[in-house]
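Architecture and fold: a report
These are the residues of each chain, in order.
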Amino acid sequence: MEYKGQTAIASPPANTVPTAYSYSPSKSSSLSPHEAQCSPSFPSPPSKSSPPPSLPPSPPTPPPQVVLSPCAACKILRRRCVEKCVLAPYFPPTDPLKFTIAHRVFGASNIIKLLQDLPETQRADAVSSMVYEANARIRDPVYGSAGAICHLQKQLSELQAQLARAQAELVNMQCQQANLLAFLCMEVSQTQECSLQQQPSYTDTSCFLDDNSLGSTWEPLWT
């Protein structure tokens, strides 16, 4: 810039430091506690929470393993119980005493042979009879089941004799009752006849005149 014949070089403007922006709340923005309570409060918008992550499907639980225990016969004989064991349906593992008693008297080979010779519909009855006979043989080694049968037959004959005596006494009581009823009926009829015979008989004799009365009535006529 030229000024009165002299060139003047304009100096650059001084570096101005920008002032920091400061916010001072105005008076209108500051609220008293009373005004804060009276001022309406707007609910905050609900926060959009993200849905929980989906869990992967749990793997299916494996079926429980069924442990097939051998039957009581194979367990006592210490052998493998096959799938089609003849003794398994009749000697379950929960009742080992049943096979123990039958095996003690008859033996395992005889039991198996007897069951194989019978049809399946009769095997259960055969096992029950073998167990019963084995129990009887253990209780009475001499007579076995024959002793039990004789004892039951003796009781049956005694009961039949008691029944016959009771029936005879019943027939006797019925006869006595019939005789008593007949005797009572006869007594009642006899008492009725006696009461009829003891009643006095009244006859009208007014039609018959005495001789004295007849003479007295005719005397005036002759006088």
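Residues numbered from 1 in each chain as written. Predicted model: local features only at pLDDT ≥ 70, side-chain atom pairs only at ≥ 80, totals over all residues. Heavy atoms only, no water.

As annotated in an unreviewed UniProt entry, the chain is LOB domain-containing protein from Lithocarpus litseifolius. Quoted verbatim from the Sequence similarities (unreviewed entry) field of the UniProt record, the comment on the chain reads "Belongs to the LOB domain-containing protein family." (UniProt positions renumbered as here; feature names shortened; annotations may be inferred.)

Packing of helix H3 (residues 96–105) against helix H5 (residues 120–139) leaves a shortest axis separation of 9 Å and a crossing angle of 70 degrees. Between H3 and H5, the interaxial angle falls into the category roughly perpendicular. You can see that H3 and H5 cross each other, and the crossing is left-handed. For the pair H3 and H5, the contacting residues are Lys 98, Ile 101, Ala 102, Arg 104 and Val 105 in the first and Val 127, Val 131, Ala 134, Asn 135, Arg 137 and Ile 138 in the second. Of the residues belonging to the contact of H3 with H5, the class tally is seven nonpolar, one polar and three charged. (Axes fitted to C-alpha atoms, helices over the stretch in contact; angles between N-to-C directions. Helix = DSSP H or I, 4+ residues; strand = E, 2+ residues; numbered from the N terminus. Parallel < 35°, antiparallel > 145°, perpendicular 65-115°, else oblique. Left-handed = near helix turned anticlockwise from the far one by under 90°. Contact = heavy atoms within 4.5 Å. Nonpolar A, V, L, I, M, F, W, Y, C, P; charged D, E, K, R; others polar.)

Attention shifts here to the UniProt feature "coiled-coil region" (unreviewed entry) in the chain. Sequence positions flagged by UniProt for "coiled-coil region" (unreviewed entry) are, in local numbering, residues 149–176. The span residues 149–176 shows a helical share of 100% and a strand share of 0%, and its end C-alpha atoms are spaced 41 Å apart.

Once that is clear, we can look at the side chain of Arg 123. Within the fold, Arg 123 resides in helix H5. An unpaired buried charge is present at Arg 123: no salt bridge exists, and Glu 120, the closest side chain of opposite charge, is 4.5 Å distant. Beyond its immediate stretch of four places on either side in the chain, Arg 123 contacts Val 86, Tyr 90, Leu 115, Gln 116 and Leu 118. (Buried < 20%, exposed > 50% of the residue type's maximum accessible area, 1.4 Å probe, protein only. Lys, Arg positive; Asp, Glu negative; His and termini not counted. Salt bridge = Lys/Arg side-chain N within 4 Å of Asp/Glu carboxyl O.)

As a further point, take the side chain of Ser 145. Inspection of the secondary structure assignment puts Ser 145 in helix H6 (residues 145–198). Since its relative accessible area comes to 16%, Ser 145 is described here as buried. In contact with Ser 145, not counting residues within four places along its chain, are Glu 133 and Ala 136.

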